[in-house]
Every structure is written in structure tokens, then in C-alpha cells.
Amino acid sequence: MCTYGPLLRFDPHALPLGYDPIGRGVWYGASTPEVALADAFQVDRTIDRECNRPYLTGLSFNRPITVLDVATDSDGAWATRTGGNFALSTGQHAVTQQWARHVVEAFPNLDGLRYNSRFAGGPCVALFTPAGAAMPIRPVLSLPLSHPDLSGRITGAAKKLGYLVV
């Protein structure tokens with residue numbers, strides 16, 4: 001879990017930017033490799049399989065996780081009931097980080113949030129410190145993006161997203 005921030009969408013870290021004084025952490029995950037690739041390589045829309053040796057890692061939690069669902073396909077309307085809307089998945093980081101800080105304060109045992117990727121639309125999770133206990137010791141899968149067995153999957157995701165692959 002990253003305890004330095006806030007930098008990304010649902011970082012619950014205290015301001016100013018830096019290490020959170022009480023150790024609030026966040027970990028981001030995506031529902032599919034395509035969603036993960038879309039978010040990870042959004043800046044220049046090029047999936048670089050070699051630079052910085054990126055990995056695709058899949059995991060299975062040790063226990064069920066409890067998340068607040070603010071995704072557009074949510075059965076609930078929590079965001080609306082609390083004065084927000086489903087734009088939480090795409091809103092400005094300063095706003096969504098503030099929501100994350102308030103959620104963590106109001107629900108200290110909540111594992112995280114389920115939301116939509118801004119780039120692929122699919123479900124993602126932002127997990128907070130309590131979810132650390134649900135993390136497995138070893139992943140189900142962890143391969144470098146340069147692994148030959150991932151080539152077809154990466155090429156297919158890039159084509160669908162309109163990204164390049166190098």
C-alpha cells in the first residue's frame with residue numbers, strides 16, 4: 001500500500017503532499033488486464049512492454065473485501081444520497097481525494113471503493129489500509145509484460161483502446 005500522496009484519484013492521504021502522518025494507505029487494482037493497461041499507460045497511450053519492466057499481476061484476496069460501490073453500474077445510489085454523483089470516477093483529483101479522506105474517516109474499517117476506470121470504463125478498486133489484511137502473500141499470476149504468453153492479450157487490448165505497443 002502506498003502511504004505517500006495524495007497523487008491519484010482516491011488517495012486518502014492528508015494534505016500537504018507527502019507521507020501520511022497516520023499511515024493511511026491506498027492500493028489500486030483493475031478488474032481485467034485491459035482496464036489495468038488502459039489506466040497504467042494513459043499518459044502517452046503507448047504500452048511499453050520493456051521500459052521500467054512493468055508486470056501484470058493477478059491476485060485473489062485472503063478474505064472477502066467490503067467496498068463502497070460508487071461505480072456507474074452500482075445497484076445503490078450512495079454517491080447521490082450523500083450529495084455527490086457518479087462523476088466520482090472521473091472528477092478532479094482534488095475533489096475525489098477529499099471524498100476518499102471523508103470516507104476513510106467515516107468508515108475506518110471499510111476496505112475501499114469500487115469505481116469505474118476513466119480510460120476503459122471497467123470496474124476498479126481503490127483499497128485502503130484495512131484491506132492490507134486481505135492481501136495474499138503470493139499473487140496468482142505475475143508476469144513481465146515482455147513475456148511472450150502476454151503478447152496476444154496486450155496487442156488485443158491495445159487495439160481496442162487505440163493504444164500503441166512497443
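Residues numbered from 1 in each chain as written. Predicted model: local features only at pLDDT ≥ 70, side-chain atom pairs only at ≥ 80, totals over all residues. Heavy atoms only, no water.

**What about the overall build of the chain?**
- The secondary structure content of the chain amounts to four helices and 10 strands.
- When the helices and strands of the chain are listed from N to C terminus, the series reads β-β-β-α-β-β-β-α-α-β-β-β-α-β.
- Taking 2.2 N^0.38 as the reference for a compact globule, 166 residues should give roughly 15 Å; the C-alpha atoms of the chain span a radius of gyration of 16 Å, in line with that estimate.
- Projected onto its principal axes, the C-alpha positions of the chain cover 45 × 30 × 30 Å.
- Sorting the 166 residues of the chain into buried and exposed places 39% on the buried side.
- Put simply, 64% of the contacts in the chain that link residues at least 6 apart link residues at least 24 apart. (Helix = DSSP H or I, 4+ residues; strand = E, 2+ residues; numbered from the N terminus. Rg over C-alpha atoms; globule rule 2.2 N^0.38 Å. Buried < 20%, exposed > 50% of the residue type's maximum accessible area, 1.4 Å probe, protein only. Contact = heavy atoms within 4.5 Å.)

**Some remarks on the sheet that holds strand β6 (residues 67–69)**
- Taking strand neighbours across the sheet as the criterion, the four strands line up as β3-β8-β7-β6 in an open arrangement whose pairing is mixed. The outermost strands of the open sheet, each flanked by one partner alone, are β3 (26–30) and β6. Adjacent strand axes in the sheet meet at a mean angle of 25° when their direction is disregarded.
- Of the pairings in the sheet, the one linking β6 to strand β7 (residues 112–116) comprises three bridges and is parallel in character. (Pairing = 2+ DSSP bridges. Axes fitted to C-alpha atoms, helices over the stretch in contact; angles between N-to-C directions.)

**Thoughts on the environment of Asp44**
- Following the sequence through the fold, Asp44 ends up in the loop between α1 (33–40) and β4 (46–47).
- On the accessibility criterion, Asp44 (53% relative accessible area) is exposed.
- Asp44 sits 115 residues away from Lys159 along the chain, and the two C-alpha atoms are 15 Å apart.

**Section: the pattern of salt bridges**
- Scanning all chains against the criterion turns up four salt bridges.
- Residue Arg24 is joined to Asp20 by a salt bridge in which the shortest nitrogen-to-oxygen separation is 3.0 Å. Note on accessibility: Arg24 and Asp20 belong to one class, buried.
- Residue Asp69 pairs with Arg114 through a salt bridge whose shortest N-O separation is 3.0 Å. Residue Asp69 is located in strand β6, and its partner Arg114 is located in strand β7; the two are separated by 45 residues in the primary sequence.
- Note on Asp69: relative accessible area 25%, which makes it partly exposed. (Salt bridge = Lys/Arg side-chain N within 4 Å of Asp/Glu carboxyl O.)

**Describing the environment of Pro139**
- Mapped onto the secondary structure, Pro139 falls in the loop between β8 (123–128) and β9 (141–144).
- In this view, Pro139 contacts Thr57, Gly58 and Leu59; residues no more than four positions away in its chain are not counted.

**Topic: the side chain of Arg114**
- The class of Arg114 is buried, set by a relative accessible area of 19%.
- Excluding its chain neighbours within four sequence positions, the residues that come into contact with Arg114 are Val67, Leu68, Asp69, Val70, Ala71, Asp73, Pro123, Cys124 and Val125.

**A look at the packing of aromatic side chains**
- Within the structure shown, the criterion is met by three aromatic pairs.
- With 4.9 Å between their ring centres and 70° between their planes, Tyr4 and Tyr19 make a pair best called edge-to-face. Separated by 15 residues along the polypeptide, Tyr4 in strand β1 (residues 4–5) and Tyr19 in strand β2 (residues 18–19) bring together distant segments of the chain.
- The exposed category is assigned to Tyr19, whose relative accessible area is 64%.
- Measuring from centroid to centroid gives 6.4 Å for Trp27 and Phe61, while their planes differ by 85°, and the two rings are edge-to-face. (Phe/Tyr/Trp six-rings, centres within 6.5 Å; stacked < 30°, edge-to-face > 60°.)

**Section: the nonpolar core**
- Counting 15 residues, the largest nonpolar core has Phe10, Leu68, Leu113, Tyr115 and Phe128 as its most contacted members.
- Elements that contribute at least two residues to this core include exactly α3 (93–106), β7 and β8.
- Among the nonpolar cores identified, the runner-up in size contains 12 residues, and Leu37, Leu150, Ala158 and Tyr163 belong to it. (Core = buried A, V, L, I, M, F, W, Y, C linked by side-chain atoms within 4.5 Å.)

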